[in-house]
Amino acid sequence: MIDFFVLCKTMLELFALLCIGWFIGKTKHVNESGNNQISWLIASVLNPCLIIAAVLDTPKSQDSSIVNLAIWIGWVLYIVSILVAELFFSIKKEEHNIYKLVCIFANTGFIGFPIVRALFGDFAMFVFSVLHMPFNIIFYIYGIKQVQKNSKLSMAELFNPGLIASILALGIYYFHWQLPEVLSYICTQLGNASIPLSMLVIGISLSFIPLSIVFKNRKNYFYTFIKLIACPILFFLFAKVIPCTMLLKQLLVLSGAMPTAAMVSIIANQYNYHKEIANANVFLTTLGSMIAIPLVCTIFFPML
């Protein structure tokens, strides 16, 4: 049974860090260029180290069946999510491509990792990273094509640090590789740094978005509801029919309540494709998730 006090305490801590980041951005102590550099550091160095550190102390006797299940369930989850999104947005409108990405791709790294780690521990965070390993591939195959039809897939983008770290973590887990003590220490320390920095970066990013853009489009409220309420319901139904452990079911439901991935905003700005919609939905879903995540866990976890 999930500890509701721990969940609320974790969300409060993350929200406090987010607010500090927002204040730093508003007072212009960090500009957009600096924030992008910190984001790169987190995504390319700190989060990969966190994934590896999560599996370093896993007992050799740990049952590998849950990891095996997480690998294939993750692929099924993303494929089903894309099919549902394509069906939901079957009436073609130009802005629907960005709304597909808003609904499909969640911030499982910057927000998901610290929450899962606080609630379930390091091994569960490793399983969570394996569950969402397809993100690192599908986003660059499917996601970028939605905003730029003529974009060419780069192998450097496909085999990104998050995917490489997940594969390395799987090797450490399955083959019981022992990293030198100094490397273990570095991975642990850098990984621990990713959690507070991630929330500061999100807060700083939100400070750059004009509130008038966020609140003027009523469609944004509808898709925030879809992302934070409808998606957890769909993920809950998916978890009910998939034969897997209780931990995996809980991680699936929790995944559904995650806000829209910051990468959606990044590529929308990069390709100048409905960037106002992307920025507004990242903003609204991130703030809304501070309430939606405890609510979803409280309602759905006992019914699994």
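Computed from a predicted structure; not experimentally measured.

Visitor: An account of the packing of helix α3 (residues 65-88) against helix α12 (residues 218-241) is requested, with residue identities and associated values reported.
Guide: At their nearest, the axes of α3 and α12 sit 12 Å apart, and the two run at 130 degrees to each other. Accordingly, the angle class assigned to the pair α3 and α12 is oblique. In this structure, α3 crosses over α12, and the sense of that crossing is right-handed. Note on element contacts: α12 touches α3 through Phe222, Tyr223, Ile226, Leu234, Phe235 and Phe238, opposite Ile73, Val76, Leu77, Ser81, Val84 and Phe88. For the contact of α3 with α12, a count of residues per class yields 11 nonpolar, one polar and no charged.

Visitor: I'd like a rundown of the side chain of Lys227, residues and numbers included.
Guide: Structurally, Lys227 can be placed in helix α12. In this structure Lys227 is buried but unpaired, with Glu86 as the nearest side chain of opposite charge at 15 Å. Non-local contacts of Lys227, meaning those with residues more than four positions away in its chain, are made with Val102, Cys103, Ile104, Phe105, Ala106, Pro232, Gly256, Met258, Pro259, Thr260 and Thr285.

Visitor: Could you give an account of the environment of Ala239, with specific residues and numbers?
Guide: By the secondary structure assignment, Ala239 is in helix α12. Each C-alpha atom of the pair Ala239 and Met290 lies 22 Å from the other, and the pair is 51 residues apart in sequence. In this structure Ala239 touches Lys249, Leu252, Val253 and Leu304, once residues within four positions along its chain are discounted.

Visitor: An account of the packing of aromatic side chains is needed here, citing residue identities and associated values.
Guide: Under the counting rule described, the total for this entry stands at 16 aromatic pairs. With 5.4 Å between their ring centres and 90 degrees between their planes, Phe105 and Phe135 make a pair best called edge-to-face. Taken together, the positions of Phe105 in the loop between α4 (96-104) and α5 (108-120) and Phe135 in helix α7 (residues 135-147) put the pair 30 residues apart, joining distant regions of the chain. A single burial state applies to Phe105 and to Phe135, both of which are buried. Every member of this aromatic cluster is reached through a ring pair, and the members are Phe88, Phe89, Tyr99, Phe222 and Tyr223.

Visitor: Quick one: what's the story with helix α2 (residues 32-56), residue by residue and with numbers?
Guide: With 25 residues, α2 should cover 36 Å at 1.5 Å per step; its first-to-last C-alpha distance of 35 Å lies within 8% of that length. Backbone nitrogen of Ser33 and a side-chain oxygen of the N-cap are separated by 3.2 Å at the start of α2; the cap is Asn31.

Visitor: Quick one: what's the story with the environment of Met246, residue by residue and with numbers?
Guide: On the secondary structure map, Met246 appears in helix α13 (residues 246-256). Sequence-wise, Met246 and Ile195 are 51 residues apart; in three dimensions their C-alpha atoms are separated by 25 Å.

Visitor: So what's going on with α3? Which residues, and what values?
Guide: Here α3 contains 24 residues, and its C-alpha end-to-end distance of 34 Å stays within 8% of the 34 Å for a straight helix at 1.5 Å per residue. Among the residues of α3, those classed as buried are Ile66, Val67, Leu69, Ala70, Ile73, Gly74, Leu77, Tyr78, Ser81, Ile82 and Ala85.

Visitor: Run through the packing of α2 against helix α10 (residues 181-207), naming residues and quoting values.
Guide: α10 packs onto α2 with a crossing angle of 140 degrees between their chain directions and a minimal axis gap of 7 Å. Taken together, the axes of α2 and α10 lie oblique to each other. For the pair α2 and α10, the crossing hand works out as left-handed. Classifying every residue of the contact of α2 with α10 by side-chain character gives 16 nonpolar, 10 polar and no charged.

Visitor: Please give an account of the side chain of Ser81 that cites residues and values.
Guide: The topology assignment puts Ser81 in helix α3. Using a relative accessible area of 15% as the deciding quantity, one classes Ser81 as buried. At 2.8 Å, the side chain of Ser81 forms a polar contact with the backbone oxygen of Leu77.

Visitor: Let's hear about a nonpolar patch on the surface: which residues, and what values?
Guide: On the surface, a nonpolar cluster with roughly 390 Å² of combined accessible area is contributed by Val80, Val84, Ile233, Leu234 and Leu237. Here the nonpolar patch gets three residues from one element, more than from any other, and that element is α12. Relative to the assigned elements, Val84 resides in helix α3.

Visitor: How would you summarise unusual backbone geometry if you had to cite specific residues and measurements?
Guide: The backbone phi angle of Lys28 is positive, close to 60 degrees, even though this residue is not glycine. By the secondary structure assignment, Lys28 is in the loop between α1 (4-26) and α2. Here Lys28 falls in the exposed class, since its relative accessible area comes to 71%. With a phi angle near 55 degrees, His176 is a residue other than glycine that sits in the positive phi range. Inspection of the secondary structure puts His176 in the loop between α9 (161-175) and α10.

Visitor: Hey, could you go over the nonpolar core for me, with residue numbers and the actual values?
Guide: Val67, Ile73, Ile115, Phe126, Leu248 and Ile293 are the most contacted members of the largest nonpolar core, which has 75 residues in total. If you tally residues by element for this core, the top one is α2, at 10 residues. Ile115 has contacts with Leu7, Thr10, Met11, Leu14, Leu254, Met258 and Ile293, leaving out every residue within four places of it along the chain. Counting 27 residues, the second largest nonpolar core, distinct from the first, contains Ile82, Phe135, Ile138 and Ile277.

The rules behind these values
Residues numbered from 1 in each chain as written. Predicted model: local features only at pLDDT ≥ 70, side-chain atom pairs only at ≥ 80, totals over all residues. Heavy atoms only, no water. Axes fitted to C-alpha atoms, helices over the stretch in contact; angles between N-to-C directions. Helix = DSSP H or I, 4+ residues; strand = E, 2+ residues; numbered from the N terminus. Parallel < 35°, antiparallel > 145°, perpendicular 65-115°, else oblique. Left-handed = near helix turned anticlockwise from the far one by under 90°. Contact = heavy atoms within 4.5 Å. Nonpolar A, V, L, I, M, F, W, Y, C, P; charged D, E, K, R; others polar. Buried < 20%, exposed > 50% of the residue type's maximum accessible area, 1.4 Å probe, protein only. Lys, Arg positive; Asp, Glu negative; His and termini not counted. Salt bridge = Lys/Arg side-chain N within 4 Å of Asp/Glu carboxyl O. Phe/Tyr/Trp six-rings, centres within 6.5 Å; stacked < 30°, edge-to-face > 60°. Expected span 1.5 Å × (residues − 1). Polar contact = N/O pair within 3.5 Å; in protein donor to acceptor, adjacent residues only side chain to side chain. Patch = residues over 30% accessible without salt bridge, like charges linked within 9 Å, V, L, I, M, F, W, Y side chains within 5 Å. Areas by Shrake-Rupley, 256 points an atom, 1.4 Å probe, with all protein chains shown as cover. Core = buried A, V, L, I, M, F, W, Y, C linked by side-chain atoms within 4.5 Å.

By themselves these figures say nothing about function.
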